[in-house]
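If you want the building blocks of each chain, they are given just below.
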2 protein chains.
Amino acid sequence: MTDGLHRYRALEQWLLKGISEGRWPVHGRLPSIRELCARRGLSKATVQHALRRLEARGLVEARPKAGYFVARLPESLSPPSLKARLDAPRPVTISSLLLDIMARNGAFDLRPALATGDAPSGITALNRAIGRALRRQRRSSYQYYDEPAGDPGFREQLALRYARRGWPVTVDELCVTSGCQHALFLALMACCSAGDVVAVETPGFYGVLQLLQQLNLKVIEIPASSGTGMDMDALEQALRRWDIRACVVSPAFATPGGALMPDRARDRLMALAETHNLAIIEDDIYAETGFDQVPDPLKARDVSARVIHCSSFSKVLSRDLRLGWIAGGRWHDRILHLKMVTQLASSRYLQQGVADYMSEGALNAHLRRERIRLREQRDQLLDEIHQWPGALRVTVPVGGLALWLELPEICDTLAAYQDALKANIVITPGPLFSASGDYANGLRLSFAHPWNEHRREALGQLPGLLGLS
Amino acid sequence: MTDGLHRYRALEQWLLKGISEGRWPVHGRLPSIRELCARRGLSKATVQHALRRLEARGLVEARPKAGYFVARLPESLSPPSLKARLDAPRPVTISSLLLDIMARNGAFDLRPALATGDAPSGITALNRAIGRALRRQRRSSYQYYDEPAGDPGFREQLALRYARRGWPVTVDELCVTSGCQHALFLALMACCSAGDVVAVETPGFYGVLQLLQQLNLKVIEIPASSGTGMDMDALEQALRRWDIRACVVSPAFATPGGALMPDRARDRLMALAETHNLAIIEDDIYAETGFDQVPDPLKARDVSARVIHCSSFSKVLSRDLRLGWIAGGRWHDRILHLKMVTQLASSRYLQQGVADYMSEGALNAHLRRERIRLREQRDQLLDEIHQWPGALRVTVPVGGLALWLELPEICDTLAAYQDALKANIVITPGPLFSASGDYANGLRLSFAHPWNEHRREALGQLPGLLGLS
């Protein structure tokens, strides 16, 4: 996308992003052609071509002798709307169709199990570190289970990372799990009983809805903005009306849209939790993808041990490690016990290998590269979406692996899912992200994978499959 | 123990075992001195010395010109007694002391986390196979979750093993788990609801009791013989009196005593399950340790898909793999779903590494060596126990990792546990193996680890710690 032919589109994309992010407000002046040439290293012809295309779409206007001005906020870059309704708590029922779709969507890939392209150097280094840990596994340590909480050296490395994010956690407060989903499971098992009500974001992570169904918990869906996450007014309203036991929340780059909860909302969430004696289950799995910054966890604000922090390396390192962790606050002893009773232990060699990888600085180096790659892939995806016809609303996340697209009301992404599957394309339809069947015209689109020929071709088929015109 | 000095003791041990196993019945004639010399490769002096020692203990008697005869069954080799009482079903409550003891006993080691001695060659080969699988993990497969049921190649290897044990299972019937405890957890979650009654062996595996407590299931303890396992008369009686949902059973070398359920009992169990619509949860984790033979699984007799088969490699290969599996019969779809919802997936590279190890024949080679090692270590332990004072009853298992010792009534192994811990010795007191606080004078003694100097020294302290005299 950034090669010779498409330079003007890259500039167009960059300008649109600046406009949508408020860098240049509506009716504000854009940088001059000369400034744009200098800043972006482009020829005058390329800059003019991009500006004329935007002018043709009515997004900027040329004023003689004064330059180009922002005409209006591009509709295609407006954020998706916030759900207004607040439904009463009820049990979760997930159709077998949705379960099937969920099972196919963990890899965030339009092309199922494509697995092309070489692994990045960070992954080769990771596998070497694990291999070394295996060879180092001397003597008869294979005959001993790891301690239930996990390898202390690995937990120490995790603690060091969290300290840099404003949360001075000790090794004893952390317990290793088989991934983040396992951590969320232990968290809900520990702080809820069958029939309890749990608040979640809508749209939000379907894995939590599956857990609520499994554990016979009731759900109340709290509207979440695609930009700032769970709506605190709505949560407060719900807490006043119903007895809510726990709240599962993803403050950092929540799926599906990549929302980042602002500080003020975090403070308010913690205050509400205090007033209503709420357990907060924090899903931190996307935090380390943050393109510009890794936000502090909610747990850093947790003065009364009511936040259960859950995370893993599946989204930022490898989905095949199955290595997650949990800090259970006041429920930690119970969580440790649950981990032991249901699984005994985790693999020590694996944790030791990853701990080495972390202490050598290899994880940080890998993440630096990943964040650049993800941002580029996001931009390439946005650029593509802007070519699609129809009135679209889309999030422009600054972290995470996906954006959320709101299609025209008439679109039915669940029907499109079936058609797409026939073309060997897996999409993530909106109804997955709610227990209420909402978001028929919503779509999560991931930028986790490189836009190679196969995926670009699949992406090119989407407007047709989605019935956009 | 089998070096020059102790040849007579090895022979003594071998003769006692033959006697206790009924090879030479009471009042029956033992092989002649000449036969014994030839068969065991011993000098006449050694054989005579052993026979005279047994004669001195009153266990054999010399009849002039006729040879040596079995005088009586050695009391120290009598099997422990069968529990006679059948208590009504009730919820499980496990004290924090017992939980603490359970957490320390997974390694079956008198000396906690001693981990001395080099790993056997089979483990080095295993780690190499896993390392190769890691290096082979090409391209972007690290970005994809394994399928919920687990790697098909690994399941294929498992299926091949089971086919040789009389159970022609297909790959689709197997689901990979994080060890056997995880498999048991999924099994109980799938076929029981809170409040249901589950039958277990007594004495039996404490991990199951912990799961019952966690899942709010009621337990009914069915007496189990240390030789032949769960008593089918008692089970039938219980099934007639109470509504029992499931039965957890270890037909092959059950912990703590290593009982092996005979064919007749297996047939009867399956018939009872049919009549009373019982779910059977088979814990097969010790089966492959069988010194002389690996028994067929119960699952091979399962004509109505009511057996849930659970196992792992923790006892026969490595406790650090965390690799188990489950075949859920009629509950398999639900189990697959539970696995996915609570944990998403397992590590693909690990399964592929272990699959290679199996297909190369390295697992079979390792197991052949392990079985010889375990039998020797069992004999060394029995030989030691025979030197202990007091009236002891002990199992002589032909598989598994431990034997069960019944001490004089006056002994309190729970009290001894505390004293032992001060001497840095971990014992496994009897009350662990029951939900009713029984077996205060019971003790599980493991022969999983080599009897090196440290463990021999610990073993030597046990009679004192246990108050034997």
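No experiment lies behind these values; they were computed from the predicted model shown.

What counts and what doesn't
- Residues numbered from 1 in each chain as written.
- Chains lettered and ligands numbered in written order.
- Predicted model: local features only at pLDDT ≥ 70, side-chain atom pairs only at ≥ 80, totals over all residues.
- Heavy atoms only, no water.
- Helix = DSSP H or I, 4+ residues; strand = E, 2+ residues; numbered from the N terminus.
- Expected span 1.5 Å × (residues − 1).
- Buried < 20%, exposed > 50% of the residue type's maximum accessible area, 1.4 Å probe, protein only.
- Contact = heavy atoms within 4.5 Å.
- Polar contact = N/O pair within 3.5 Å; in protein donor to acceptor, adjacent residues only side chain to side chain.
- Least-squares fit on C-alpha atoms with pLDDT ≥ 70 in both.
- Phe/Tyr/Trp six-rings, centres within 6.5 Å; stacked < 30°, edge-to-face > 60°.
- Lys NZ or Arg CZ within 6 Å of the ring centre and 35° of its normal.
- 1 Å grid on protein atoms, 1.4 Å probe; cavity = no way out; pocket = protein on both sides within 12 Å on 5 of 7 lines; lining within 4 Å.
- Points joined across faces, edges and corners; volume = space filled by probe spheres on them.
- Nonpolar A, V, L, I, M, F, W, Y, C, P; charged D, E, K, R; others polar.

A. Highlighting helix H6 (residues 152-164) of chain B. Residue and element names in this part refer to chain B. When the terminal C-alpha atoms of H6 are compared, their 19 Å separation across 13 residues agrees well with the 18 Å that a helix rising 1.5 Å per residue should span. Here H6 has its buried residues at Phe154, Arg155, Gln157, Leu158, Ala159, Arg161 and Tyr162. Those residues of H6 that are buried are in contact with strand E4 (175-177), strand E12 (307-312), strand E13 (324-327), helix H12 (348-359) and helix H13 (362-385). Capping the start of H6, Asp151 holds a side-chain oxygen 3.2 Å from the backbone nitrogen of Gly153, two or three residues further along. Positive backbone phi, approximately 80°, marks Gly166, located one or two places after H6.

B. Layout of the relation of the copies chain A and chain B. Superposing chain A onto chain B takes a rotation of 179° combined with a translation of 0.0 Å along the rotation axis, leaving an RMSD of 0.3 Å. The transformation relating the two chain copies, once decomposed into turn and shift, fits a two-fold axis. Proximity to the rotation axis, assessed at the C-alpha, singles out A:Gly131 in chain A; its C-alpha lies 2.5 Å from the axis. A shared interface surface links the copies, since 100% of the contact residues of chain A are contact residues in chain B too.

C. Expanded view of the packing of aromatic side chains. Residue and element names in this part refer to chain A. Summed over the entire model, instances satisfying the criterion amount to 21 aromatic pairs over all chains. Following the ring pairs from residue to residue traces out a cluster consisting of Phe205, Tyr206, Trp404, Phe433 and Tyr439. For the cation-ring pair, Arg63 lies above Phe69, with the distance from its terminal atom to the ring centre recorded as 3.8 Å.

D. Main features of the layout of surface pockets. As a volume, the largest pocket reaches approximately 970 Å³. A:Met102, A:Ala103, A:Arg104, A:Gly106 and B:Tyr145 are, among the 46 residues lining the largest pocket, the residues nearest its centre. Residues that form the lining of the largest pocket fall into these classes: 23 nonpolar, twelve polar and eleven charged. Its boundaries defined by the atoms lining it, the second largest pocket holds a volume of some 720 Å³. Taken together, 38 residues form the lining of the second largest pocket, with A:Tyr145, B:Ala103, B:Asn105, B:Gly106 and B:Ala107 sitting closest to its centre. Mapped by element, the contributors of at least two residues to the lining of the second largest pocket are helix H4 (96-104), helix H7 (180-191) and helix H8 (206-214) of chain B.

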